[in-house]
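Here is how the chains run, residue by residue.
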Amino acid sequence: MNNLNYKDLLGIGQLSLETIKLILDTAESFKEVSIRDIKKVPTLRGKSVITFFYEPSTRTRTSFEMAAKRLSADTISLSASSSSMVKGETLIDTAKNLQAMNPDIIVIRHSSTGAPHLIARHVRAGVVNAGDGINEHPSQALLDLFTIREKKGRIEGLKVVIMGDISHSRVARSNILGLRKMGAEVTISGPPTMMPDKAESLGVKVVNDPREAVKDKDVIMVLRIQLERQGKNLFPSLREYAAYFGVNGNVLKYAKDDAIIMHPGPVNRGVELSSEVADGPRSVILDQVTNGVAVRMAILYLLIGGLRVGNVD
Amino acid sequence: MATWIRRGRLVDTLTGGIDECDLIIDGERIAKILPSGYFYDQGSDLKLIDASDMLVIPGMIDMHVHLREPGEEYKETVSTGCLAAVAGGFTAIACMPNTLPPNDCRAVTEFILEQARRAGSARVYPIAAITLARKGKVLTEFGDLKAAGAVGVSDDGSPVSDSEVMRRALEYAKYHGLRVISHCEDLKLSMDGVMHEGEVSTSIGLPGIPAAAEAVMVHRDICLSELTGCPVHIAHVSTEASVELIRRGKEKGIQVTAETAPHYFSLDHTAVIGYETCAKVNPPLRTPKDIQAIRKGLVEGVIDVIATDHAPHSPLEKELEFDKAASGMIGLQTALPLVLSLVREGVIGLVQAIEKLTISPARVLGVQGGYLKEGSIADLTIVDPDFRYIFSKDQIVSKSKNSPFIGREMTGNVYLTMTGGRVVWERKA
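Residues numbered from 1 in each chain as written. Chains lettered and ligands numbered in written order. Predicted model: local features only at pLDDT ≥ 70, side-chain atom pairs only at ≥ 80, totals over all residues. Heavy atoms only, no water.

1. A few points about the sheet that holds strand 6 (residues 185–189) of chain A
All names here are of chain A. Sheet architecture is open: five strands sit in the order 7-6-5-8-9, paired in parallel fashion. Both edges of this open sheet fall to strand 7 (205–206) and strand 9 (260–262), since each of them pairs with a single strand only. Where strand 5 (residues 159–163) lies against strand 6, five bridges are found, and the strand directions are parallel. When the sheet's bridge partners are listed, Ile-162 is paired in strand 6 with Ile-188. In the packing of helix 5 (residues 138–152) onto the sheet, contacts are made with strand 8 (219–222) and strand 9, and the angle to strand 9 comes to roughly 165°. (Pairing = 2+ DSSP bridges. Helix = DSSP H or I, 4+ residues; strand = E, 2+ residues; numbered from the N terminus. Contact = heavy atoms within 4.5 Å. Axes fitted to C-alpha atoms, helices over the stretch in contact; angles between N-to-C directions.)

Here you go:
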């Protein structure tokens, strides 16, 4: 019986090692669908998926909708500006109203940590966290794990460095949790202003200097610098960030030859990543995007499968 | 009619003793305190209260309460807040000025006192704002506010960030004999934080408030107290660093007093896990190490007062995304059992604990009460220290039910509360 035994996917923190492996294995079998001539299977026909994005997103929303459609589910997308939230409706009321239309899955992105958890307590539909505040972005971490496993053949025992604004990154948090569960060794790197308090409690090493940080690593994961954080004194200027913490050809000289470069997108070229690295032979950035659809197909399929066996309430 | 309280163990906050006594209350005053077993012949018109196995303590005084009236009567009113107070054993409460409109002028102070008079259960001591509209710019009319009945000034949740304004407030308050109460928080440091910054905030992905956001302002206010010679009272101390700063200030002879709230010695930041908005409070719940420091600070006299920071909120402010939810929890009815739990754990002696709920806040605020002796006003609480129960929503007298302690097993509660010789609360059955 292929199901997740969870109603919701709220974070990597909730998943067992077996469940993560199940999702990755399932994604593997779905990856083939996207390279067919007719890119559609009837698996989720008659099911409906609502994507509710309270924050802007291109990649994640498109990826979820593509995944749902390739499984023949119906998709409806809502954004904060088109929802009643602008009219002052509370999140719980919005969720209950969506539930009243009986969707099978609600995919939500929200600027508040814990918003998907709050919704999940009030709806029967499965809730998928597509990013909540600075907390988690589980589908991104799963597609990253999938990509690492695809490129490296394994995750256990690999050395991974995550570089950038770790404090404010839900991608980093989910990846740290997932990589640690899968047995990878994780280092985080960036200016001290961007390292979380008590980072060691996450089971990671902190190495601020990028040249030092990339040494001996199998995977170099670079995060997007959120330009809107400029002026909050996390870093003096983009120019200085690029010079001292950006990943470029010079920094890569310290890395292993077979290290892969990852980035969740969108890339600020010339800031956290130079173009030569982003477009270079070690970059797997576009593979991540391709794999994202397969992984999200697996998530939707397994969650709805789980619901089908009556795993609600 | 007189009242005879028999065989209670009287907690004497003046001498530190506990003795079985009988109390005769006549009118609004304590007429006599007699050794137990003494036969008092007053004829038939004498109400008897059997306080065997109970503690008789001075009416508790909570110097940090939010009554929400005027403006947010759906959360609490002066009347419901006073009832919650007496249900929790408090015969007097000081209410913070963050109402709508704020208590920054005589009219609001007088209105609150009038509502309290009508409610007729607990005594209410208004704390007025330090600055107009609590905006931290222009001082309120301290003289007029004191004349109207205010006992202290505080901008509470919107701390005075401008050190020059705080200096002037202290200088001016000293002249009028008003206690300045400071909510210590560097708003720039706490920024968008919603819980304590530490391994829990890092683990569950919520923006943190560093402990230093409190300590830097505690240090500032102690420096300003030294500069002005005006006493300052630090509200709701939550961190180890604050305790240390206050200790050093006291050692230097600076007139600094401090309070903490029961949740800061009972709960740590893990209570937030699950995005529990009922555990969202400002300052935030801290670490086990801070809890130990707070407890030590209480025992060593660094922290003078236990006050609840009773902060009623309705589901409208609490059933929300964690970062959008309001800060604060109710506390009037849980303070006594949480303090008694510290006593049972052997952290603090019974009399010392009771002092922090009675005579100590009375001294800080400069108000009556806090001790029981012949001739004094009969504000008292009879406590059943061994009564065991599960604290449940339906026991909450306050209009709001936002407590993280719902469902917790408690030992000790209020058997009877008396204000000015009148029974204002009696436990049912």
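2. Remarks on the domain arrangement of chain B
Residue and element names in this part refer to chain B. Here chain B is described as being made up of domain 1 (2–56 + 375–392 + 405–426) and domain 2 (60–365). Between domain 1 and domain 2, the C-alpha centre-to-centre distance is 28 Å. Contacts between the two partners involve 30 residues from domain 1 and, on the opposite side, 26 residues from domain 2. Taken over both partners, the interface formed by domain 1 and domain 2 buries close to 2200 Å², and the fraction arising from carbon and sulfur atoms is 70%. When the buried surface of domain 1 facing domain 2 is broken down by residue, Thr-13, Phe-405 and Trp-425 rank first, second and third, together holding 25% of it. Viewed at the interface, domain 2 and domain 1 are joined by one salt bridge. Among the salt bridges present, the one from Arg-123 reaches Asp-379, with a minimum N-O distance of 2.5 Å. (Domains from an automatic or database assignment. Buried area = accessible area lost by both parts, 1.4 Å probe. Salt bridge = Lys/Arg side-chain N within 4 Å of Asp/Glu carboxyl O.)

3. Some remarks on the sheet that holds strand 1 (residues 48–53) of chain A
Residue and element names in this part refer to chain A. Strand order in the open sheet made by the four strands is 2-1-3-4, with parallel pairing throughout. In the strand order of this sheet, the two ends are held by strand 2 (74–79) and strand 4 (126–132), each with one partner. Direction aside, the axes of adjacent strands within the sheet are offset by 15° on average. Pairing geometry for strand 3 (residues 105–110) and strand 4, over five bridges, is parallel. Looking across to strand 4, one finds that His-110 is bridged to Asp-132.

4. As for the domain arrangement of chain A
By a widely used convention, the size of an interface equals the accessible area lost when the partners come together. Residues and elements named next belong to chain A. For chain A, the assigned domains are domain 1 (12–137 + 290–304) and domain 2 (139–284). With centres defined by C-alpha atoms, the gap from domain 1 to domain 2 works out at 25 Å. Taken together, the contacts link 30 residues of domain 1 with 24 residues of domain 2. Taken together, the two surfaces of domain 1 and domain 2 that pack against each other cover about 2300 Å², and 60% of this comes from carbon and sulfur. In this structure, the connection of domain 1 to domain 2 is made through four salt bridges. Where domain 1 touches domain 2, the interface holds 18 residue pairs in polar contact (both at pLDDT 80 or more). (Polar contact = N/O pair within 3.5 Å; in protein donor to acceptor, adjacent residues only side chain to side chain.)

5. Considerations on the environment of Met-1 of chain B
All names here are of chain B. Tracing the backbone shows Met-1 in the segment before strand 1 (2–11). By relative accessible area, which is 61% here, Met-1 ends up exposed. Counting along the chain gives 45 residues from Met-1 to Leu-46, while the straight-line C-alpha distance between them is 6.1 Å. In this structure Met-1 touches Ile-25, Gly-27, Asp-45 and Lys-47, once residues within four positions along its chain are discounted. (Buried < 20%, exposed > 50% of the residue type's maximum accessible area, 1.4 Å probe, protein only.)

6. Some remarks on the state of the cysteines
Residue and element names in this part refer to chain B. Tallying each qualifying case throughout the model produces zero disulfides over all chains. No disulfide involves Cys-223; its nearest neighbouring cysteine sulfur is the one of Cys-184, lying 11 Å away. No disulfide involves Cys-230; its sulfur sits 14 Å from that of Cys-184, the nearest cysteine. (Disulfide = S-S within 2.5 Å.)

7. Topic: the packing of aromatic side chains
A ring pair, where both rings are aromatic, is described by two values, the distance of the centres and the angle of the planes. This model, assessed by the stated rule, comprises five aromatic pairs over all chains. Aromatic side chains Tyr-241 of chain A and Phe-245 of chain A sit 5.7 Å apart centroid to centroid with 40° between the ring planes, which places their arrangement in the tilted category. Of the two residues, Tyr-241 of chain A and Phe-245 of chain A both sit in helix 8 (residues 238–245), four residues apart, roughly one turn of that helix. Of the aromatic side chains, those joined through ring pairs into one cluster are Phe-235, Tyr-241 and Phe-245 of chain A. Above the face of the Trp-4 of chain B ring, Arg-6 of chain B is positioned so that its terminal group lies 4.7 Å from the ring centre. (Phe/Tyr/Trp six-rings, centres within 6.5 Å; stacked < 30°, edge-to-face > 60°. Lys NZ or Arg CZ within 6 Å of the ring centre and 35° of its normal.)

8. Quick look at empty space enclosed by the protein
Considering all chains together, one arrives at five cavities of 30 Å³ or more under this definition. Approximately 90 Å³ is the volume found for the largest cavity. What lines the largest cavity is a set of 13 residues, and nearest its centre among them are Arg-59, Gln-140, Leu-143, Pro-264 and Val-289 of chain A. Among the elements of the structure, helix 2 (59–70), helix 5 and helix 11 (285–308) of chain A are those that each provide at least two residues to the lining of the largest cavity. Class assignment of the residues belonging to the lining of the largest cavity gives a composition of four nonpolar, seven polar and two charged. Taken together, domain 1 (12–137 + 290–304) and domain 2 (139–284) of chain A each give at least three residues to the lining of the largest cavity, which thus spans both. Volume-wise, the second largest cavity comes out at about 60 Å³. As for the second largest cavity, its lining consists of Ala-84, His-310, Ile-330, Gly-331, Leu-332, Gln-333, Thr-334, Phe-391, Ile-396, Ser-398 and Ser-403 of chain B. Residue composition of the lining of the second largest cavity, grouped by class: five nonpolar, six polar and no charged. (1 Å grid on protein atoms, 1.4 Å probe; cavity = no way out; pocket = protein on both sides within 12 Å on 5 of 7 lines; lining within 4 Å. Points joined across faces, edges and corners; volume = space filled by probe spheres on them. Nonpolar A, V, L, I, M, F, W, Y, C, P; charged D, E, K, R; others polar.)

9. Examining the pairing of strand 1 of chain A
All names here are of chain A. Burial runs high along strand 1: six of the six residues are buried. Burial along strand 1 is two-sided: the face carrying Ser-48, Ile-50 and Phe-52 and the face carrying Val-49, Thr-51 and Phe-53 are both buried. Two strands pair when backbone bridges link them, and strand 1 and strand 2 are joined in this way by six bridges, in the parallel orientation. Each residue of the ladder has a partner; that of Phe-52, found in strand 2, is Leu-78. As defined by bridge partners, strand 1 adjoins strand 3 across five bridges and the pair is classed as parallel. Following the sheet pairing, Ile-50 is matched in strand 3 by Ile-106.

10. Observations regarding the interface of chain B and chain A
With 18 residues of chain B in contact, the opposing surface of chain A contributes 21 residues. For the pairing of chain B and chain A, the buried interface totals around 1500 Å² over both sides, and the portion due to carbon and sulfur atoms is 55%. Ranking the residues of chain B by area buried against chain A places Thr-202, Tyr-275 and Glu-321 of chain B at the top, with a combined share of 37%. Viewed at the interface, chain A and chain B are joined by zero salt bridges. Counting across the chain B and chain A interface gives eight residue pairs in polar contact (both at pLDDT 80 or more).

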